[in-house]
Amino acid sequence: MKFFSEFLIQKFGTPLYRIPVDIGLGCPHRGQKKYERCFFCAEDGSLARHLPPKMEIEEQVALGIDYVKKRYGENCGYIAYIQAFTGTNAALEKLRKIYDR
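Residues numbered from 1 in each chain as written. Predicted model: local features only at pLDDT ≥ 70, side-chain atom pairs only at ≥ 80, totals over all residues. Heavy atoms only, no water.

A. Focus on the overall build of the chain. Helices and strands together make up the secondary structure of the chain, namely three helices and two strands. In the chain, the succession of helices and strands from N to C terminus is α-β-α-β-α. Residues counted as buried form 28% of the 101 residues belonging to the chain. Taking as baseline every contact in the chain between residues at least 6 positions apart, the subset at least 24 positions apart corresponds to 74%. Of the accessible surface of the chain, which amounts to about 7,700 Å², a share of 55% is contributed by carbon and sulfur atoms. (Helix = DSSP H or I, 4+ residues; strand = E, 2+ residues; numbered from the N terminus. Buried < 20%, exposed > 50% of the residue type's maximum accessible area, 1.4 Å probe, protein only. Contact = heavy atoms within 4.5 Å. Areas by Shrake-Rupley, 256 points an atom, 1.4 Å probe, with all protein chains shown as cover.)

Structure, rendered in C-alpha cells:
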C-alpha cells in the first residue's frame, strides 16, 4: 500500500474526509533560540483557520462533521485529525487527556 488514504479505504470501505481539530498548543520548535523556523510547518503554522479561536474540541468535530456531510453527502466517511502546528507542545499527561477526548 502506497498511501494512507488507500489504507483507510481498504479498512473502512470508503474514502474518509478529514476534519481538522486545533487543540491550540503551538509548536515546540518555535520560539527557541536554536530554531529560527520550524522544519515541519508553514511559517504561519497550519492552523484550522476556518474555526473560531478557542473552540472546544467537541464543537470543532461537530462543525467538521456538518461541513463534510453537506459537501460530500450524508453517508460519507470522515476522520478527525489534529491539525499541524497545534498538537505536540505539552506535557505527556496533558496530551493524553486531550487526545483521549
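After presenting the structure, the write-up continues.
B. Representation of the pattern of salt bridges within the structure. Summed over all chains, the structure comprises four salt bridges. The salt bridge partner of E56 is R101, with a shortest N-O separation of 2.8 Å. Highlighted residues: E56 in the loop between strand 1 (16-21) and helix 2 (57-72) and R101 in the segment after helix 3 (92-100), separated in sequence by 45 residues. Judged by its relative accessible area of 48%, R101 is partly exposed. (Salt bridge = Lys/Arg side-chain N within 4 Å of Asp/Glu carboxyl O.)

C. Here's a closer look at the environment of N89. Relative to the assigned elements, N89 resides in the loop between strand 2 (77-82) and helix 3. Sequence separation between N89 and C27 is 62 residues; the distance between their C-alpha atoms is 5.6 Å.

D. The arrangement of the packing of aromatic side chains in detail. In this structure the tally under the stated criterion is two aromatic pairs. Between F4 and F7, the ring centres sit 5.9 Å apart and the planes meet at 25°, which makes this aromatic pair stacked. A residue pair is termed a helical-turn pair when its members lie 3 or 4 positions apart in one helix, as F4 and F7 do in helix 1 (residues 4-12) at three residues. The exposure class of F4 is exposed, given its relative accessible area of 55%. (Phe/Tyr/Trp six-rings, centres within 6.5 Å; stacked < 30°, edge-to-face > 60°.)

So, to be careful, I would describe these as geometric facts and stop short of saying anything about function.
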